[in-house]
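Structural characterization, general
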Amino acid sequence: MKMKFFQYFSPQFWALLAFCSLFCGWANALFAQAERGLTREGNRFYAEENYTEAEASYKKALEENSGLAEGIFNLGDALY
């Protein structure tokens, strides 16, 4: 009799796998909040024409995530 793939692992393994997957997703969302908050802060400074503070906020956001497209674009606007 041929065993199915899922039968090779215990139910505890699958429960642990599900927990780890949910935790990683939650942690990723939590860290993304900091980047978004800094970008929003920079946007507020930019709207108030406080370009120096906007630049600093965008740079902080890019320190958190250097590939943040919105942060890179907005930093360019603040510098220009």
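As a reminder, the structure under discussion sits directly above these lines.
The sections below set out a description of the structure shown in this document.

Rules behind the numbers
Residues numbered from 1 in each chain as written. Predicted model: local features only at pLDDT ≥ 70, side-chain atom pairs only at ≥ 80, totals over all residues. Heavy atoms only, no water. Helix = DSSP H or I, 4+ residues; strand = E, 2+ residues; numbered from the N terminus. Axes fitted to C-alpha atoms, helices over the stretch in contact; angles between N-to-C directions. Parallel < 35°, antiparallel > 145°, perpendicular 65-115°, else oblique. Left-handed = near helix turned anticlockwise from the far one by under 90°. Contact = heavy atoms within 4.5 Å. Nonpolar A, V, L, I, M, F, W, Y, C, P; charged D, E, K, R; others polar. Core = buried A, V, L, I, M, F, W, Y, C linked by side-chain atoms within 4.5 Å. Buried < 20%, exposed > 50% of the residue type's maximum accessible area, 1.4 Å probe, protein only.

With respect to the secondary-structure elements, Tyr80 resides in the segment after helix H3 (69-79). Put simply, Tyr80 and Tyr51 are 29 residues apart on the chain and 9.3 Å apart in space, counted from C-alpha to C-alpha.

Look at helix H2 (residues 51-64) against H3: their axes get within 9 Å of each other, and the N-to-C directions meet at 155°. As far as their axial angle goes, H3 and H2 are roughly antiparallel. As for how H2 packs across H3, the hand of that crossing is left-handed. In this structure, H2 uses Tyr51, Ala54, Glu55, Tyr58, Lys59 and Leu62 to contact H3, whose residues at the interface are Gly71, Ile72, Asn74, Leu75, Ala78 and Leu79. Of the residues belonging to the contact of H2 with H3, the class tally is 8 nonpolar, 2 polar and 2 charged.

Attention now moves to the nonpolar core. In this structure, Leu38, Ala54, Tyr58, Ala61, Leu62, Leu68, Leu75 and Ala78 together form the largest nonpolar core, which totals 8 residues. Elements represented by at least two residues in this core include exactly H2 and H3. Tallying contributions element by element places H2 first for this core, with 4 residues. When neighbours within four sequence positions are excluded, Ala78 is seen to be in contact with Tyr46, Tyr51, Ala54, Glu55 and Tyr58.

By secondary structure assignment, the location of Ser57 is in helix H2. Contacts of Ser57, omitting those with residues within four sequence positions, involve Leu38, Glu41, Gly42 and Phe45.

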